[in-house]
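One letter stands for each residue in the lines below.
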Amino acid sequence: MRAAVFYGPSGSWPEKPLRIEEVAKPVPGPDEVLVRVAACGMCRTDLEYLKESPPPKVPPLILGHDPSGTIAEVGAKVKNVKLGQRVLVAFSIPCGACRYCRSGQENLCPDTVVIGAGRDG
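Residues numbered from 1 in each chain as written. Predicted model: local features only at pLDDT ≥ 70, side-chain atom pairs only at ≥ 80, totals over all residues. Heavy atoms only, no water.

Enquirer: Please explain helix α1 (residues 44-51) as it appears in this structure.
Expert: Given 3.6 residues to a turn, an α-helix orients residues that are three or four positions apart in the same direction. Taken together, the buried positions of α1 are Asp46, Tyr49 and Leu50. Summarising the axial view, the buried residues of α1 lie within an arc of 100°, below the 170-degree limit, and thus occupy one face. The exposed residues of α1 that point more than 90 degrees off its buried face are Arg44 and Lys51. The elements touched by buried residues of α1 are β1 (2-6) and β2 (18-22). (Buried < 20%, exposed > 50% of the residue type's maximum accessible area, 1.4 Å probe, protein only. Helix = DSSP H or I, 4+ residues; strand = E, 2+ residues; numbered from the N terminus. Arc of directions from axis to C-beta. Contact = heavy atoms within 4.5 Å.)

Here's what the structure looks like:
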């Protein structure tokens, strides 16, 4: 699959800091889905990474935390989506275990991971 791979802020890498490359297709875990991305926006956060502010994950990193597409694969424990379903992907992955997550306030999770920043987008 093709992805926008970030290698570090401008000036910190001898070649282009962002390149479109072929990368291995991810395999979803039992409680995950794989989304065939149709479109993914580049936002101010991505531009900050390109200029100077490093993301939480050490590059190389697949950017993009505003994707949409269709469900391509479904993990064994996933029950609420089906293959081919159109989806918008939330940019953060809460832990699911803290008091905020357990009370339905995942947006307050202190251990949330942002896709395209803390893990590949």
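Enquirer: I keep staring at the state of the cysteines and nothing clicks. Help me out?
Expert: Inspection of every chain in the model, using the stated rule, returns zero disulfides. Free of any disulfide, Cys95 has its nearest cysteine sulfur in Cys109, 3.7 Å distant. A relative accessible area of 36% places Cys95 in the partly exposed class. Cysteine Cys101 is unpaired, with the sulfur of Cys98 as its nearest cysteine sulfur at 3.7 Å. Exposure remark for Cys101: the relative accessible area of 8% places this residue in the buried category. (Disulfide = S-S within 2.5 Å.)

Enquirer: Would you take a moment to explain the sheet that holds strand β6 (residues 86-88) for this structure?
Expert: A sheet is described by the order of its strands in space; here three strands give the open sequence β3-β5-β6, paired in antiparallel fashion. Whereas interior strands pair on both sides, the edge strands pair on one side only; in this sheet they are β3 (33-40) and β6. The mean angle between the axes of side-by-side strands here comes to 40°, regardless of whether they run parallel or antiparallel. Pairing geometry for β3 and strand β5 (residues 67-74), over seven bridges, is antiparallel. (Pairing = 2+ DSSP bridges. Axes fitted to C-alpha atoms, helices over the stretch in contact; angles between N-to-C directions.)

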